[in-house]
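# Coordinate inspection notes
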Amino acid sequence: MTHIPLQQFTTESRNAASANIDTLSTLDMLTVINNEDKKVAQAVEKILPMIASAVDTIQHAFQQQGRLIYCGAGTSGRLGILDASECPPTFGSPADQVMGLIAGGQTAILKAVENAEDNQQAGQQDLQNIQLNQHDVVVGIAASGRTPYVIGAMQYAKQQGCKVISLCCNEHSAMAKIADIALDVIVGPEVVTGSSRLKAGTAQKLVLNMLTTGSMIKTGKVFGNLMVDVQATNAKLIERQKKMIIEATDCTREDAEIALTASGNHCKTAIVMILTGVSAQQAKASLQQHKGFIRECI
């Protein structure tokens, strides 16, 4: 069995602040956890320039019809799947524009699959199964920065000419050495030693939020701070569309409903209709001409 020197990883070291956490009252215990969590946003702040480079890379890929593909194992894999799955309802993006792959496949989303993360070849195979191409961006996610499944995926992506990004919580990792852009969020030791679903997981979630939200904003999915490409798949979201239209145009509710109906429940089209006084057909054509950017239409 391969020996893994865990003591070398910051995420596996012991946290002096929580050394006696099992003896504390519930409130004191939670205070320790909360104080450690406060450090996460500060760690993310330190690498904002690198995250910005990653967002610009993803934006460029989207403009070339490329995809954003997350690869991870365990908590990291689940976080990638969570972020990917929330893009279509939030931004109206195609289902395959952002994808999440996890070591062990669908089963591993809900239940740990033993040894799946150690299969380096599986990382490559999973990317082959979705026909990875050079326009795609692959983001390897692992708190440790050494997960074989993720390394296999990243190496294969490099071979295919893809841009490759790593998201880790340890410095000088094997994954960072492969990546074109290394996002190292150093959050320090966990409250419960080695439980990287805690601060490391929170850090990864914050960064993934930025990657997709930033790239979607830069491809016209947001007007002001309104998510105007939201898909109306239930009553709540239809109501949200109306609210977006009213806030974006300062129109009446009646006018919002009329425009939304005329546009076929397409929020952006309705907004352009009201702001420019054109028909639904003209508004749709304008949006297509301006690649979905409302500001350029008006």
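Up top you'll find the structure we're talking about.
As the structure is a prediction and not an experimental result, all values here were calculated from the model. (Residues numbered from 1 in each chain as written. Predicted model: local features only at pLDDT ≥ 70, side-chain atom pairs only at ≥ 80, totals over all residues. Heavy atoms only, no water.)

As a further point, take the overall build of the chain. Helix and strand counts for the chain come out as 14 helices and five strands. Considering only C-alpha atoms, the chain reaches an extent of 65 × 50 × 35 Å along its principal axes. Within the chain, the fraction of its 298 residues that count as buried is 47%. Looking at the chain as shown, the accessible area adds up to about 14,900 Å², and 51% of this sits on carbon and sulfur atoms. Both charge centroids of the chain, one from 25 positive and one from 27 negative side chains, sit 2 Å from each other. (Helix = DSSP H or I, 4+ residues; strand = E, 2+ residues; numbered from the N terminus. Buried < 20%, exposed > 50% of the residue type's maximum accessible area, 1.4 Å probe, protein only. Areas by Shrake-Rupley, 256 points an atom, 1.4 Å probe, with all protein chains shown as cover. Lys, Arg positive; Asp, Glu negative; His and termini not counted. Charge placed at Lys NZ, Arg CZ, Asp CG, Glu CD.)

Another aspect to go through is the side chain of aspartate 184. In this structure, aspartate 184 sits in strand S5 (residues 181-184). Although aspartate 184 is buried, it forms no salt bridge, and the closest oppositely charged side chain is lysine 177 at an N-O distance of 11 Å. (Salt bridge = Lys/Arg side-chain N within 4 Å of Asp/Glu carboxyl O.)

Attention now goes to the pairing of strand S1 (residues 68-72). Counting buried positions along S1 gives five out of five residues, so the element sits mostly inside the fold. Both faces of S1 are covered, namely the face carrying Leu68, Tyr70 and Gly72 and the face carrying Ile69 and Cys71. Relative to strand S2 (residues 98-102), S1 runs parallel, the two being bridged by five bridges. Across the sheet, cysteine 71 pairs through a bridge with leucine 101, a residue of S2. By the bridge criterion, five bridges tie S1 to strand S3 (residues 137-141) in an arrangement that is parallel. (Pairing = 2+ DSSP bridges.)

For the rest of this paragraph, the subject is the sheet that holds S5. Spatially, the five strands line up as an open sheet ordered S2-S1-S3-S4-S5, and their pairing is parallel. Only two strands of the sheet have a single partner each, and these edge strands are S2 and S5. Along the sheet, successive strands turn relative to each other by an average axial angle of 20°, direction set aside. Contacting S1, S2 and S3, helix H6 (residues 120-129) runs over the sheet at an angle of about 145° to S2. (Axes fitted to C-alpha atoms, helices over the stretch in contact; angles between N-to-C directions. Contact = heavy atoms within 4.5 Å.)

Moving on, we come to helix H11 (residues 253-262). Here H11 has its buried residues at Ala256, Ala259 and Leu260. The arc that holds every buried residue of H11, seen down its axis, measures 100°, which confines them to one face. Seen from the open side of H11, the exposed residues pointing more than 90 degrees away from its buried face are Glu254, Ile258 and Thr261. Looking at the buried residues of H11, the elements they touch are helix H10 (235-249) and helix H12 (267-276). Of the residues flanking the end of H11, it is glycine 264, one or two places downstream, whose phi is positive at about 75°. (Arc of directions from axis to C-beta.)

So, on to the layout of surface pockets. Each pocket or cavity is described by its volume, and for the largest pocket that value is around 680 Å³. Around the largest pocket, the lining is made up of 30 residues, and of these Ala73, Gly74, Glu117, Thr147 and Ser196 lie nearest the centre. Ranked by the residues each element gives to the lining of the largest pocket, the list is headed by helix H3 (residues 74-85), at four residues. Considering only residue class, the lining of the largest pocket consists of twelve nonpolar, eleven polar and seven charged. (1 Å grid on protein atoms, 1.4 Å probe; cavity = no way out; pocket = protein on both sides within 12 Å on 5 of 7 lines; lining within 4 Å. Points joined across faces, edges and corners; volume = space filled by probe spheres on them. Nonpolar A, V, L, I, M, F, W, Y, C, P; charged D, E, K, R; others polar.)

With 32 residues, the main nonpolar core has Leu183, Val185 and Leu211 as its most contacted residues. It is helix H2 (residues 48-63) that contributes the most residues to this core, six residues altogether. Apart from the residues lying within four places of it in its own chain, the contact partners of leucine 183 are Ile47, Met50, Ile51, Ala54, Ile165, Ser166, Leu167, Cys168, Val207 and Leu211. Formed by 25 residues, the second largest nonpolar core is a distinct cluster that contains Ile69, Ile151, Ala157 and Ala179. (Core = buried A, V, L, I, M, F, W, Y, C linked by side-chain atoms within 4.5 Å.)

We now examine H3. Between its first and last C-alpha, H3 extends 17 Å over twelve residues, near the 16 Å set by a 1.5 Å rise per residue. Within the sequence span of H3, burial applies to Ser76, Gly77, Leu79, Gly80, Ile81, Asp83 and Ala84. Taken together, the buried residues of H3 touch S1, helix H4 (87-91), S2, helix H5 (107-110), S3 and helix H9 (199-217). (Expected span 1.5 Å × (residues − 1).)

In a structure, side chains of opposite charge can pair up when their charged atoms sit close to one another. For the structure shown, the criterion picks out eleven salt bridges. Put simply, aspartate 229 and lysine 268 hold a salt bridge, and the shortest N to O gap is 3.1 Å. Placement of aspartate 229 in the loop between H9 and H10 and of lysine 268 in helix H12 is noted, with a sequence separation of 39 residues between them. Accessibility assignment for this pair places aspartate 229 and lysine 268 in one class, buried. Taken together, the salt bridges that share partners define one network made up of Glu239, Lys242, Arg253 and Glu257.

When two helices pack together, their arrangement is captured by the angle between the axes and the distance separating the axes. Where H10 contacts H11, the axes come no closer than 9 Å and their chain directions differ by 115°. Crossing geometry of H10 relative to H11 is assigned as right-handed. Across from Ile238, Glu239, Gln241, Lys242, Ile245 and Ile246 in H10, the residues of H11 making contact are Arg253, Ala256, Glu257 and Leu260. Considered class by class, the residues forming the contact of H10 with H11 number five nonpolar, one polar and four charged. (Left-handed = near helix turned anticlockwise from the far one by under 90°.)

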